[in-house]
Amino acid sequence: MSTPLPEAWLRGPIAGISPLLAPCAYAFIAAREDAAAAIDGLTDEALWAQPGGAASVGFHLFHLAGATDRLMTYAKGIALDDAQKAAAKRERTIADERPAAGELLRLVDAAMDAALAQLAATPESTLADARPIGRAQLPATVMGAIVHAAEHAARHAGQIVTTAKIVRAGAR
């Protein structure tokens with residue numbers, strides 16, 4: 001039997017990622033791992049269940065991937081492209097499509113991989129640079145957008161874990 005890994009933030013430095021951005025990297029790593037563990041063995045029905053009217057695990061997975069992509073795009077100082085805008089709009093109706101858990105996890109993995117790669121490519125000297133966010137061009141910085149992407153990922157990973165537990169408990 002293998003020894004479980006310590007929490008991401010206790011695994012030490014991440015090669016290629018600035019110590020200033022490492023806490024964000026740890027959040028992305030933990031979000032990926034927590035989401036995957038939480039949905040292991042979850043049925044398609046449970047994946048899309050909305051206990052008490054809460055958003056489904058499937059929704060949170062789809063949103064986690066899309067929002068991370070969008071927030072990290074803002075951190076680069078780039079406007080969202082048409083595909084990203086369409087994905088954001090698709091979040092409202094994703095429960096009608098009901099993608100399988102494997103497809104949703106692939107989206108999460110791709111978003112977390114891209115976020116980690118972006119952290120590795122982000123020079124510390126740019127962290128205070130201004131970054132306008134959204135259509136309203138609200139003021140933020142590179143660091144602000146990255147930190148928000150990381151805490152947002154952590155928030156939705158927590159909702160995935162909690163909702164999966166509730167759905168499993170209701171199935172007993």
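Just above, that's the structure.
Here's a quick rundown of the structure. For every chain, the first residue of the written sequence is number 1, and numbering continues from 1 along that sequence. This being a predicted model, a pLDDT of at least 70 is required before a residue's local features are given, and a value of 80 or more before pairs of side-chain atoms are given or counted; all residues contribute to the totals for chains, interfaces and linings. Side-chain descriptors were evaluated using all non-hydrogen atoms of the structure, hydrogens and water having been removed beforehand.

### Things to note about the pattern of salt bridges
Link 1 in the chain: Here, a salt bridge means any Lys or Arg side-chain nitrogen found within 4 Å of an Asp or Glu carboxyl oxygen. Throughout the structure, instances matching the rule amount to six salt bridges.
Link 2 in the chain: Across the pair D113 and R32 runs a salt bridge, and its minimum N-O distance is 2.7 Å. Here the residue D113 occupies a position in helix α6 (residues 101–121), and R32 occupies one in helix α1 (residues 22–39), the gap between them amounting to 81 residues.
Link 3 in the chain: Judged by relative accessible area, R32 falls into the buried class, the value being 18%.
Link 4 in the chain: Of the charged contacts, one joins R155 and E151 as a salt bridge, the two residues approaching to 2.9 Å between their closest N and O atoms. In this pair, R155 and E151 are both assigned in helix α7 (residues 142–170), four residues apart and thus about one turn of the helix distant.
Link 5 in the chain: Categorising residues by exposure relies on relative accessible area from a 1.4 Å probe, with only protein chains included: less than 20% of the type maximum marks a residue as buried, more than 50% marks it as exposed, and the intermediate range marks it as partly exposed. Taking the relative accessible area as the measure of exposure, R155 reaches 43% and is therefore partly exposed.
Link 6 in the chain: Judged by its relative accessible area of 31%, E151 falls in the partly exposed class.
Link 7 in the chain: Beyond isolated ion pairs, a larger network of salt bridges with shared partners links R32, D109 and D113. Runs of E in the DSSP output that reach at least two residues are strands. Runs of H or I that reach at least four are helices, and both are numbered from the N terminus.

### Quick word on the nonpolar core
Link 1 in the chain: Membership of the largest hydrophobic core comes to 47 residues, with the highest contact counts inside it found for F28, L61 and L119.
Link 2 in the chain: For this core, the elements supplying multiple residues, two or more each, are α1, α2 (44–47), α3 (57–76), α6 and α7.
Link 3 in the chain: Ranked by residues supplied to this core, first place goes to α1 with 11 residues. Definition of nonpolar core: a set of buried residues of the types Ala, Val, Leu, Ile, Met, Phe, Trp, Tyr and Cys, connected through side-chain atoms within 4.5 Å.

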